[in-house]
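Overview (structure and organization)
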Amino acid sequence: MSLETFKIRWPRNVPGRFYVDATCLDCDLCRALAPGVFVRDEEHGNSYVGRQPETPEEVSGCLEAVAGCPQEEVHDDGLQFDWQAIPPVVPWFQPPSKNA
Ligand code: SF4
């Protein structure tokens, strides 16, 4: 993942392979495909990864979400990303306003 890509990663995503970026339309597809992995941010009206998938079925649901998200906002960074090198909260990130 490049630094530019990391800048659009929604900060509530837990570290790990899958994440949602900051322009989610809140269509519910990913939450339907992998319930419990993708959760709704009630404050901002978007999805994020609340926990990484734990079963092959959940991984499959996540991969379907990557392929099916209408905004191409669900991302798979594979298993090689060094999360220890990046802070869990990106200090410069400002969530977009839904009212703008
Ligand atoms: S499928 Fe994409 S647009 Fe729909 S809720 Fe999930 S991240 Fe948002």
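This structure is a prediction, so every number in the text was calculated from the model and none was measured. (Residues numbered from 1 in each chain as written. Predicted model: local features only at pLDDT ≥ 70, side-chain atom pairs only at ≥ 80, totals over all residues. Heavy atoms only, no water.)

Some thoughts on the overall build of the protein chain
When its secondary structure is counted, the protein chain shows three helices and four strands. Beginning at the N terminus, the succession of helices and strands in the protein chain can be written as α-β-α-β-β-α-β. Here the protein chain holds 100 residues, and 34% of them are scored as buried. Look at the contacts in the protein chain between residues 6 or more apart in sequence, and 63% of them connect residues 24 or more apart. Put simply, the protein chain shows about 5800 Å² of open surface, and 55% of that area lies on carbon and sulfur atoms. (Helix = DSSP H or I, 4+ residues; strand = E, 2+ residues; numbered from the N terminus. Buried < 20%, exposed > 50% of the residue type's maximum accessible area, 1.4 Å probe, protein only. Contact = heavy atoms within 4.5 Å. Areas by Shrake-Rupley, 256 points an atom, 1.4 Å probe, with all protein chains shown as cover.)

Notes on the pattern of salt bridges
For the coordinates displayed, the defined rule picks out nine salt bridges. Between Glu-42 and Arg-40 there is a salt bridge whose closest N-O contact spans 2.6 Å. We classify Arg-40 as partly exposed; its relative accessible area is 33%. Residue Glu-54 pairs with Arg-51 through a salt bridge whose shortest N-O separation is 4.0 Å. The partly exposed category is assigned to Arg-51, whose relative accessible area is 26%. Salt bridges sharing common partners tie together Asp-26, Asp-28, Arg-31, Arg-40 and Glu-42. (Salt bridge = Lys/Arg side-chain N within 4 Å of Asp/Glu carboxyl O.)

Observations concerning the environment of Glu-64
One can find Glu-64 in helix α3 (residues 56-68). Judged by relative accessible area, Glu-64 falls into the partly exposed class, the value being 45%. Each C-alpha atom of the pair Glu-64 and Val-74 lies 9.5 Å from the other, and the pair is 10 residues apart in sequence.

Digging into the site of the ligand
For the ligand, the full set of nearby residues is Val-20, Cys-24, Leu-25, Asp-26, Cys-27, Asp-28, Leu-29, Cys-30, Ser-47, Cys-69 and Val-74. Across the shell around the ligand, the residue classes break down as eight nonpolar, one polar and two charged. (Near = heavy atom within 4 Å. Nonpolar A, V, L, I, M, F, W, Y, C, P; charged D, E, K, R; others polar.)

Overview of the confidence of the model for the protein chain
With 72% of its residues at a pLDDT of at least 70, the protein chain reaches an overall mean of 83. The element-level mean pLDDT for the protein chain is lowest in helix α1 (residues 3-7), coming to 63, with helix α2 (residues 29-33) highest at 98. (pLDDT = per-residue confidence, 0-100.)

Describing the environment of Asp-28
Along the chain, Asp-28 falls in the loop between β1 (18-20) and α2. With a relative accessible area of 36%, Asp-28 lands in the partly exposed category. Separated by 19 residues in sequence, Asp-28 and Ser-47 have C-alpha atoms that sit 7.7 Å apart. Polar contacts involving the side chain of Asp-28 include one to the side chain of Arg-31, which spans 2.8 Å. (Polar contact = N/O pair within 3.5 Å; in protein donor to acceptor, adjacent residues only side chain to side chain.)

Remarks on unusual backbone geometry
Positioned with a positive phi, Asp-28 is a non-glycine residue whose angle comes to about 85°. Located in the positive-phi region is Glu-72, a residue other than glycine, with phi close to 55°. Tracing the sequence through the fold places Glu-72 in the loop between α3 and β4 (74-76). With a relative accessible area of 62%, Glu-72 lands in the exposed category.

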